[in-house]
Amino acid sequence: MENVEKQLREEAKRLLADKKVDVIVGYEEGTLPLQTVPCFITNPDDAGKLVWNSFCSQNLAKYVHDIIHQHRESQVRVKPEDKTRKVVGVVARGCTTRSLVIHLQERQYDRDEVVIIGVPCTGFVAKRKVSTLVDGKEILEAAVNGDKISVRTTSGDKDVPLKDVIADNCLNCHFNNPVISDIMVGNEAPPRDVDREYDSVNKFENLPLEERWSYFTKEMEKCIRCYACRNTCPSCYCKICFVEQSQPAWVGTGDDPTDVQVFQIMRMFHMAGRCVDCGSCVEVCPMGVDLRNFLKKLDKDGFELFAHKAGESIDKPAPLSTFEMGDKEKFIFEPESSS
Amino acid sequence: MEKRLIKKDALSGIINKLSEQMLVYAPVKDEDNVLFKVLEKGMEPLADYSNTRNAPKNFFFPKTETMMRYMRTERGIELSGEGEGAPEMVLFGVRPCDARSFILLDKVFDQEKYKDPYYIDKREKTTIISLACVHPPYSTCFCTSVGGHPMSSEGADVVLTDLGDKYLAEFVTPKGEKLLEKMGDLSKADDAAEATKEELSKKSEEAITSHVAGREIKPWLDENFEHPFWDTIHQSCLACGTCTYLCPTCHCFDISDEVKGSDGKRIRTWDSCMYWLFTKETSGHNPRTSQKQRWRQRLMHKFKYFVDNFDAIACVGCGRCVMYCPVNIDIRKIVNDISKL
Ligand code: SF4
Ligand code: SF4
Ligand code: SF4
Ligand code: SF4
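Residues numbered from 1 in each chain as written. Chains lettered and ligands numbered in written order. Predicted model: local features only at pLDDT ≥ 70, side-chain atom pairs only at ≥ 80, totals over all residues. Heavy atoms only, no water.

**Focus on the site of ligand 2**
Thinking step 1. Cys233, Arg267, Met271, Cys275, Val276, Asp277, Cys278, Gly279, Cys281 and Leu295 of chain A make up every residue found near ligand 2.
Thinking step 2. Across the shell around ligand 2, the residue classes tally to seven nonpolar, one polar and two charged. (Near = heavy atom within 4 Å. Nonpolar A, V, L, I, M, F, W, Y, C, P; charged D, E, K, R; others polar.)

Structure below.
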């Protein structure tokens, strides 16, 4: 890790000093244990702030999109000959690079507007898992030592195996090494337990309909519609989300449970073939809503119907925005006959 | 002020007895959160807990509230209210910071110039039993920096202090004293109990480890509406509003109409300065177009405008926004960074 961090800082410093990028989006130390914070570095001398560790939980691709688009907006009234571009450097692990690929495929910005510093990834720590293992006691300090994480809480110290607190999406990740990069730091990360990727979805699919529905409604009851999930998601970049449109208003703003469900169902379906299972939405949700179960089902469908994994390769177009003669369409014309 | 002693093992019985006579909300465990819920038969109120994830402000200022209903008929529009008003209730187990937040909310919703009948009705009919913090529950607590205290009775009608084997119960307000009548016979508190409380109070205050320069930054805020510092806070913000939704003192709201066929209702919902729709006008114009401006509003509102208007900081130091911000934007750090400018 230290080695990766050292290289990372050197590369970032060089990119900024050589004016290859205007800003580097990375992670820096937070003020609380188990936390790192997205940071935005413009001064080469600040590159030393960058960290790379098991607490880097968020997918940073969202910020790349925001920065480039905000800059473009600021250029709208500028004369064509005076227009400038903003080039963003980003610290990107596997899932982040897949999100960047999706942005590029969806023509959100040009390849030369982003400089990708690829980092190998061994998974991030899910804060909720740690909190559960220490019975919700306040965590005062946490440090990773080898394959353990040592936690100091208000009622004593505890060592927890790292694998017990790694986020679910990371445990079975196929792409823990970047799929695309301009600079790579560190050595390739060892493969994860990829064969069990769909275990939890398979289990859920086999439950009776009523049980699945009641699980869905129970989870959605927790949602306070803060939209943190949507706002952190790199694939959710609509300028005005349907939930905030008022003419017409697609969903109400009150506390009607169906409004929450409609928001979630619509958002999830917009993720079909576009969710990279980065786990950011789950990690940032303040209420602990299990979004992954449902998103993973859509991912599995995409894989089984179209052999597609979101953002896997820039040359592989997304199934829902392309048509091929061989595409399955039986489920459209004879929905009853397919499961 | 009446003072009584309650044996530890008798407390839950007393609270349960109250819940037979009126609505009692108490902290209970719900999956991995602690939330205020209606106490029903057989439920144990938690007396030994840190704090709830949500602030209790929703009891007086609900997240969604119907203000009126209307119906289009052949004779015109018919208006109606929302039933008979709030029931009598008890809020048990409120932390001192949250109890104090009600005093701050009163300044907004129950003042000379504006009286909010929806808020006032509920507030008047509720008796608040707070649980003093004999240990600050979190390392992020900073009540003492913003005018509060871990053992403060501000905003409470009854204060319970854990003395080890028993609670000292202080009935601070007339509302609290009325509740005492419903609690049955309790032995009077002696001087020793009060001396112990004094001691605990000092210890608890010393155990607070987070300190912010709450009042000290006011002169800087007065002068620096435009300053490069404002460019450094908001960049990672997800604009999720978690900080404002969980905050006991945030109180911005929005009013909208929901119409189905010929029936409609006017609802008031929480708003948040973190949202891009905040202060967006019907014309399409928004005086605050960026997250930078919105974050400045959040800080200014708490540490300057509220102080200008009501001579109090609109933050009680509960630390919720610090603990639950998904990207760890820490108001303690921001305030302290400003104090160093
Ligand atoms: S982050 Fe969680 S609570 Fe917020 S809208 Fe998403 S699911 Fe709901
Ligand atoms: S839906 Fe969630 S897991 Fe999927 S890409 Fe978006 S943030 Fe990541
Ligand atoms: S601003 Fe933060 S610390 Fe202050 S009262 Fe609100 S949630 Fe608590
Ligand atoms: S909780 Fe954090 S990310 Fe969410 S709006 Fe507040 S400051 Fe921004």
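**Points about the sheet that holds strand E8 (residues 158–162) of chain B**
Residues and elements named next belong to chain B.
Thinking step 1. Taken together, eight strands build an open sheet; the order of strands is E3-E2-E6-E7-E8-E9-E1-E10 and the sheet is mixed. Every interior strand has two partners, whereas the edge strands, strand E3 (33–38) and strand E10 (187–188), have only one.
Thinking step 2. Relative to strand E7 (residues 126–131), strand E6 (residues 89–94) is paired through five bridges, and the arrangement is parallel. Residue pairing across strands places Phe92 opposite Ile129, the latter belonging to E7.
Thinking step 3. The strands that helix H1 (residues 8–21) touches are strand E1 (2–7), strand E2 (23–30), E6, E7, E8 and strand E9 (166–171); relative to E1, the one it contacts most, it runs at about 110°.
Thinking step 4. In the packing of helix H4 (residues 174–182) onto the sheet, contacts are made with E1, E6, E7, E8 and E9, and the angle to E7 comes to roughly 90°. (Pairing = 2+ DSSP bridges. Helix = DSSP H or I, 4+ residues; strand = E, 2+ residues; numbered from the N terminus. Contact = heavy atoms within 4.5 Å. Axes fitted to C-alpha atoms, helices over the stretch in contact; angles between N-to-C directions.)

**Remarks on the pairing of strand E5 (residues 76–80) of chain B**
Residue and element names in this part refer to chain B.
Thinking step 1. Strand direction decides the pairing type here: strand E4 (residues 64–73) and E5, joined by five bridges, are antiparallel. Bridge pairing in E5 links Thr73 to Gly76.
Thinking step 2. Here E4 folds back onto E5, and the loop between the two strands holds two residues.

**Overview of the sheet that holds strand E11 (residues 253–260) of chain B**
Residues and elements named next belong to chain B.
Thinking step 1. One open sheet accounts for four strands, arranged E5-E4-E12-E11; its pairing is antiparallel. For this open sheet the edge positions go to E5 and E11, each flanked by a neighbour on one side alone. Ignoring which end each strand starts from, the neighbouring axes of this sheet average 25° apart.
Thinking step 2. Relative to strand E12 (residues 263–270), E4 is paired through seven bridges, and the arrangement is antiparallel.

**Side note on the domain arrangement of chain B**
Residue and element names in this part refer to chain B.
Thinking step 1. Domain boundaries assigned for chain B yield domain 1 (2–207) and domain 2 (218–339).
Thinking step 2. With 40 residues of domain 1 in contact, the opposing surface of domain 2 contributes 40 residues.
Thinking step 3. Summed over both sides, the interface between domain 1 and domain 2 buries roughly 3,600 Å², with carbon and sulfur atoms accounting for 61% of that surface.
Thinking step 4. Our count for the domain 1 to domain 2 interface comes out at three salt bridges.
Thinking step 5. A salt bridge links Asp116 to Arg268; its shortest N-O distance comes to 2.7 Å.
Thinking step 6. Along the contact surface separating domain 1 from domain 2 lie 18 residue pairs in polar contact (both at pLDDT 80 or more).
Thinking step 7. Elements represented by at least two residues in the side of domain 1 that touches domain 2 include exactly E4, helix H2 (96–109) and helix H3 (117–124). (Domains from an automatic or database assignment. Buried area = accessible area lost by both parts, 1.4 Å probe. Salt bridge = Lys/Arg side-chain N within 4 Å of Asp/Glu carboxyl O. Polar contact = N/O pair within 3.5 Å; in protein donor to acceptor, adjacent residues only side chain to side chain.)

**Some remarks on the interface of chain A and chain B**
Buried accessible area, meaning the area lost when the parts come together, often serves as the stated size of an interface.
Thinking step 1. At the interface, 32 residues of chain A touch 35 residues of chain B.
Thinking step 2. Carbon and sulfur atoms make up 50% of the surface buried where chain A meets chain B, a total of about 2,700 Å² over both sides.
Thinking step 3. The largest per-residue losses of area from chain A upon contact with chain B belong to Thr31, Leu32 and Glu138 of chain A, which jointly make up 18% of the total buried on that side.
Thinking step 4. Where chain A meets chain B, there are zero salt bridges.
Thinking step 5. Our count for the chain A to chain B interface comes out at 11 residue pairs in polar contact (both at pLDDT 80 or more).
Thinking step 6. Put simply, the parts of the chain that give the side of chain A that touches chain B at least two residues each are strand E2 (36–41), helix H2 (61–74), helix H4 (127–133), helix H7 (209–222) and helix H8 (228–232) of chain A.
Thinking step 7. Considered class by class, the residues forming the side of chain A that touches chain B number 13 nonpolar, 10 polar and nine charged.

**Notes on the site of ligand 1**
Thinking step 1. Taken together, 14 residues are adjacent to ligand 1, and Cys223, Cys226, Tyr227, Cys229 and Cys285 of chain A come closest.
Thinking step 2. Residue assignment for the shell around ligand 1 shows that the elements contributing at least two residues are H8 and helix H9 (257–270) of chain A.

**Concerning the environment of His135 of chain B**
All names here are of chain B.
Thinking step 1. For His135, the position within the fold is in the loop between E7 and E8.
Thinking step 2. For His135, a relative accessible area of 64% corresponds to the exposed category.
Thinking step 3. The spatial distance from the C-alpha of His135 to the C-alpha of Lys203 is 8.0 Å, given a sequence separation of 68 residues. (Buried < 20%, exposed > 50% of the residue type's maximum accessible area, 1.4 Å probe, protein only.)

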